[in-house]
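A look at the structure
Residue-level listing of the chains:
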Amino acid sequence: MNKIAKYLNQHIIGNVFDSPQILEAYATDNSPLKIMPQMVVIPENTSDVCKTVKFVNQLSNKSVYIPITVRGSGLDKTGADLSDGIVMSTEHMNKILEIDDRSRLVRVQAGVTLGQLNSALALYGLTVPILANPRDTIGSLISNFTTDSAAGKYNGIYYYIDQLEAVLSNGDTLQTTRIARPHLSHKTGLTSFEGQIYREIDKLINDNSNLINDLGNRSTIDASGYQMVTQIIRDVTKSFDLLPVFYAAQGTLGVITEIILRCEVFQPEVSHFVAAFESVGAARDFIQDIMPLIPQELNLYDARMFKDAVEHGKDPALFAPKFYKGYFVWAGFDDGPRKSAKKMKKCLSLLPHNAAAVMETDENTTDFKRLKSAIRSYINEDIRGERTPIMDDFYVPSDKLANFLTDLKVMEETYNQELPVYGSFSTSNYSVRPDIQLGTVEGRQFVLKFIHDFNSLVREHGGSITGGAPEGRTKALATNDNMSDDEINLYSEVKRIFDPNGIFNPDVKLGANEKDVVGHMRTTYLNKVLE
Ligand SMILES: Cc1cc2nc3c(=O)[nH]c(=O)nc-3n(C[C@H](O)[C@H](O)[C@H](O)COP(=O)(O)OP(=O)(O)OC[C@H]3O[C@@H](n4cnc5c(N)ncnc54)[C@H](O)[C@@H]3O)c2cc1C
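What this report covers is the structure whose coordinates are included nearby.

So, how was this worked out
- Residues numbered from 1 in each chain as written.
- Predicted model: local features only at pLDDT ≥ 70, side-chain atom pairs only at ≥ 80, totals over all residues.
- Heavy atoms only, no water.
- Helix = DSSP H or I, 4+ residues; strand = E, 2+ residues; numbered from the N terminus.
- Rg over C-alpha atoms; globule rule 2.2 N^0.38 Å.
- Buried < 20%, exposed > 50% of the residue type's maximum accessible area, 1.4 Å probe, protein only.
- Contact = heavy atoms within 4.5 Å.
- Areas by Shrake-Rupley, 256 points an atom, 1.4 Å probe, with all protein chains shown as cover.
- Lys, Arg positive; Asp, Glu negative; His and termini not counted.
- Charge placed at Lys NZ, Arg CZ, Asp CG, Glu CD.
- Axes fitted to C-alpha atoms, helices over the stretch in contact; angles between N-to-C directions.
- Parallel < 35°, antiparallel > 145°, perpendicular 65-115°, else oblique.
- Left-handed = near helix turned anticlockwise from the far one by under 90°.
- Nonpolar A, V, L, I, M, F, W, Y, C, P; charged D, E, K, R; others polar.
- Phe/Tyr/Trp six-rings, centres within 6.5 Å; stacked < 30°, edge-to-face > 60°.
- Pairing = 2+ DSSP bridges.
- Near = heavy atom within 4 Å.
- Polar contact = N/O pair within 3.5 Å; in protein donor to acceptor, adjacent residues only side chain to side chain.
- Core = buried A, V, L, I, M, F, W, Y, C linked by side-chain atoms within 4.5 Å.

**A short note on the overall build of the protein**
When you go through the protein residue by residue, the secondary structure sums to 18 helices and 20 strands. In terms of overall dimensions, the protein is globule-like: its C-alpha atoms have a radius of gyration of 23 Å, near the 24 Å expected for 531 residues. Based on the C-alpha atoms only, the size of the protein along its principal axes is roughly 70 × 55 × 45 Å. Here the protein, with 531 residues, has 56% of them falling under the buried criterion. Restricting the contact set of the protein to residue pairs at least 6 apart, pairs at least 24 apart contribute 74%. For the protein, the computed accessible surface area is about 21,800 Å², with 50% contributed by carbon and sulfur atoms. Looking at the protein, you have 55 positive and 67 negative side-chain charges, and the mean spots of the two groups are 3 Å apart.

Have a look at this one:
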């Protein structure tokens, strides 16, 4: 075992590993990259995190650089949870510390997963209404600012985080809290690193007020950079809270260790409704008609994806094959059985003549499961190459979607493959899964070219490739070029203020570079985690 790993092992309750077999297990995520860490640290508590970060920071003061990347469940699709230094896994920081059902607040360690949290809350009749992968950790939902498919109705993770605790780059802890302007001096007057952060961020915001206003007023949804710096000061009250800047920061500013979340009263079961349309225009008009019914989720699928699922023996069951060339709309209603049934009947009444639709009942619920299973088959199964998630969760505004899809056809011709779009209409976040031969040089070149071309196409239609999650390593190759010099300077300052020695995840976001990405491209995507 290397000296640093041994030293850390002696000082923390958790574990430090450096054996090749263990490192291998933390070298990949859901991106097309593979990066071998030097060590894997598995802290048990905040104190372990503080000790590790403090030690690494002291080493960097002596010019020994070992970057730290925090990792939750390792599902990231942009390589943002990989490191050639230390991977710090929150898998043992998975305790639900307190549930206060009266005030509907819950305090958790950052490695608690969404599924684990909601199972525990259900016993109290509560939930955090985020419709994302149940394996996503709460720390990463903040760090990746994940836009879930129920965010159109329930506003997403941003709405449910009350406070967090983070370990700063010198090993101190910070508890976020909203501070009324007259009391800000309690923080800016501190002689600690925390005080320095408050002072410098306050000054940065004041010095860049015009730019921050412009960024805050942008209509595009875009999680790249540190755009949430615009939300530290609230317009009306002028109160100050550092919490927003941790959204979409991807572990580059600090290690989130504990979180207090707000909960909602538990929702009853969801009933589904599916409709098939010949064109995207017809699907979009229908969706706009049913939006006032406030579905829990409202998804759109290019039905070409079902052709591939059928090739794998899947039976989308609800519709005849003649519909596998148009668009499917999938809506979920969580208003209780009677009200949901009423809303679905209303959906049926709004359907145009040349469309088909089915609402979920006790009798056909298996067919609905079959349809979901066909979608899952398309997303995960490889046919002509490896179906790698290099372009998940891009944002295109609803009014530009039809034109965007027309122009995407041109890209399909250029790349000589179909690119069926699927995703959430209510949040305007969609994905495409190109087939890639990662084992060939051309395949790996494809990844870089595709990201750049797709970025240009999406931007032409008022969107961003980082709508539902930030840029990490791979998408940053395009998004960093989208930013103005002023924007880059602002974000570089945010990073410098929080992490002057650059120990936290230095190769993602602004620090991403083509050499690093190309050098770590996998030649196979075989050990991907299924979605
Ligand atoms: C392009 C893209 C598309 C996505 N699409 C979907 C989707 O369709 N559905 C869905 O549910 N999710 C989606 N996600 C989100 C992703 O699955 C989750 O946001 C999250 O990354 C997975 O959780 P995890 O615990 O595996 O996080 P990880 O992959 O382990 O980490 C994700 C990021 O969070 C940071 N991080 C993790 N924990 C902490 C912490 N405690 N403190 C500080 N930083 C931390 C990591 O350093 C890393 O940068 C998408 C993400 C990306 C990048």
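Next comes the rest of the description.
**Looking at the packing of helix H8 (residues 193–207) against helix H17 (residues 485–498)**
Helix-helix packing is characterised by the crossing angle of the two axes and by the distance between the axes. Across the interface, H8 lies against H17 with an axial gap of 9 Å and an inter-helix angle of 165 degrees. One finds that H8 runs roughly antiparallel with respect to H17. Relative to H17, H8 is oriented so that their crossing is right-handed. Contacts from Phe193, Ile197, Glu200, Ile201 and Leu204 of H8 reach H17 at Leu490, Glu493, Val494, Arg496, Ile497 and Phe498. By residue class, the composition of the contact of H8 with H17 is eight nonpolar, no polar and three charged.

**A few points about the packing of aromatic side chains**
By the definition in use, this model includes 21 aromatic pairs. A ring pair is formed by tyrosine 415 and phenylalanine 450, whose centres lie 5.3 Å apart and whose planes are at 80 degrees; its orientation type is edge-to-face. In this pair, tyrosine 415 sits in helix H14 (residues 401–415) while phenylalanine 450 sits in helix H15 (residues 441–460), placing the two residues 35 residues apart along the sequence. The same class applies to tyrosine 415 and to phenylalanine 450, which are both buried. Members of the aromatic cluster, connected to one another through ring pairs, are Phe394, Phe404, Tyr415, Tyr430, Phe446, Phe450 and Phe454.

**Examining the sheet that holds strand E4 (residues 86–89)**
In space, the four strands of this open sheet follow the order E1-E2-E4-E3, with mixed pairing throughout. At either end of the open sheet lies a strand with only one pairing partner, and these are strand E1 (15–17) and strand E3 (68–71). On average, each strand axis in the sheet is inclined to that of its neighbour by 20 degrees, with strand direction left out of account. Here three bridges tie strand E2 (residues 39–42) to E4, and the two strands are oriented parallel to one another. Looking at E4, one finds that methionine 39 is bridged to isoleucine 86. Relative to E4, helix H3 (residues 46–61) is tilted by about 165 degrees, and along the sheet it contacts E2, E3 and E4.

**Section: the site of the ligand**
The local shell around the ligand holds 32 residues, among which Val70, Gly72, Asn144, Thr146 and Asp393 are the closest. Within the backbone of glycine 72, an N or O atom sits 2.6 Å from an oxygen atom of the ligand. Residue serine 73 places a main-chain N or O atom 2.7 Å away from an oxygen atom belonging to the ligand. In isolation the ligand has 960 Å² of accessible area, and contact with the protein removes 94% of it.

**Details of the nonpolar core**
Note that soluble globular proteins tend to have their nonpolar side chains buried in a common cluster. Within the largest apolar cluster, 59 residues are counted, with the highest numbers of intra-cluster contacts made by Phe246, Ile259 and Phe498. Looking at which element gives the most residues to this core, the answer is H8, with six residues. The residues contacting phenylalanine 498, other than those within four sequence positions of it, are Leu168, Ser169, Phe193, Ile197, Ile201, Leu242, Val245, Phe246 and Leu253. One finds Met344, Leu408, Val458 and Met521 within the second-largest nonpolar core, a separate group that totals 53 residues.

**What about the packing of helix H9 (residues 209–216) against H17?**
One can describe the packing of H9 onto H17 by two numbers: an axis separation of 11 Å at closest approach and a directional angle of 100 degrees. In terms of axis orientation, H9 runs roughly perpendicular to H17. For the pair formed by H9 and H17, the contact residues are Leu211, Ile212 and Leu215 on the first element and Asp486, Glu487, Leu490 and Tyr491 on the second. Of the residues in the contact of H9 with H17, the class split is five nonpolar, no polar and two charged.

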